Amino acid sequence: MAPRHSRARSWILPLLLLLRVAPAAAQGQVSITFQVNDAMVKNKVLPGVSIGIARTKKGEQVTGGETDAAGQLKTRLAPGKYYVTYQLDGYVPIERTPTEVSGTAQVITTTLSMMMESVGQADRRRIQIVLNWGSRPEQVKDADSHVVCACDGADPHVFFSTASHRAAGHSAALDVDDTDWGGPETITLLDPPPGTYRYWVHSYSGPPATLGDSDAVVRVVFGDKAAGEYRVPKDLRSRVWKPFKAVEVDRTLEPRVVAFSPEELAAKADVTAPPEQTSRLEESVPAERIRPDSAPARPVRPEESAPTPPSGGSKSEDCPTGTIVFIIVVVVAMIGMVVRAGRKK
Ligand SMILES: [Ca+2]
């Protein structure tokens, strides 16, 4: 029969392994909330959205679920790159969109566009450009969508001041000017004629120019199909951001997104203000929309505010108090066993 102190020591190695492994496993993941909203109606949440999460573009989904009544799916993921799919009947699905999970808890907000049949436009051609941005108080408060139509209409520039445009059997319209975080702002072109359509995002709230911290995302939808998704570069320090060079509609009426060339990006064409984006433009602001910083701040709903990581490197989010107490109790008990075994040697 083995001495008591030997049996006690036999527990020490597994215990030490537990102490090393348990916190490491807990630290490996962070809380993620997927928030899914309608692309046309601010704060209209979408329950029942099926969300699938994969680690690679073509790999199997590692986790997922459905959004609840608040349009949310809460889960825990290790930091890294994922590919996320969103599906809901009546809405244009988003297939395996690249999604970066950082080392802190966060809310990932996505908007879905209704299918054309669902909005009575089944017989039309549609280009939809959806802008979303962050909802935290320190982020850009008022971002704006701008598009310049390819036609020779009287007001080809569609934005908050001239929110709709109709000419020669087509239309371009901004659904709403969202002035207090988040979006969406959605521009819809119906039956667009052949030509080049320019689009950009402008931070009305600047200066300072903090679009790079805004988490702005632009999605392009052609008909009932997602055609592209663009995220603002983190280092961008301008008030203008062009996520792509243009949308071209060819003579067969097929649309395509035209990207900037490396040379154009090197020349900063993607952050250069277009001629339509003049200082006079901001002076033409409707009376109800003046001085964005003077408007009372909209309370940030809990689900819109990504929790701030604890200061001082604490991992309270990733290592719950109950786990710490449990480990302390086990350690004290094991020390007691070792001491008692030593006394009886
Ligand atoms: Ca706006």
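Residues numbered from 1 in each chain as written. Predicted model: local features only at pLDDT ≥ 70, side-chain atom pairs only at ≥ 80, totals over all residues.

(A) Molecular detail of the overall build of the chain. What the chain contains, in helices and strands, is four helices and 19 strands. Relative to its full complement of 345 residues, the chain shows a buried share of 27%. By sequence separation, contacts in the chain at least 24 residues apart represent 65% of the contacts at least 6 residues apart. (Helix = DSSP H or I, 4+ residues; strand = E, 2+ residues; numbered from the N terminus. Buried ≥ 20, exposed ≤ 12 C-beta atoms within 10 Å, placed from the backbone. Contact = placed C-beta atoms within 7 Å.)

(B) Seen up close, the sheet that holds strand S6 (residues 94–101). Taken in spatial order, the four strands line up as S3-S2-S5-S6 in an open sheet, and their pairing is antiparallel. For this open sheet the edge positions go to strand S3 (61–66) and S6, each flanked by a neighbour on one side alone. Taking the axes of each pair of neighbouring strands and ignoring which way they run, one obtains an average angle of 25° across the sheet. (Pairing = 2+ DSSP bridges. Axes fitted to C-alpha atoms, helices over the stretch in contact; angles between N-to-C directions.)

(C) A look at the sheet that holds strand S12 (residues 170–174). An order of S11-S12-S13-S8-S15-S16 is seen for the six strands of this open sheet, with the pairing classed as antiparallel. Each of the sheet's edge strands pairs with one partner strand only, and the pair in question is strand S11 (164–167) and strand S16 (225–231). On average, adjacent strands in this sheet sit at an angle of 10° to one another, irrespective of strand direction. Here strand S15 (residues 217–222) runs beside S16; their pairing, made up of six bridges, is antiparallel. Bridge pairing links Phe222 to Lys225 in S16.

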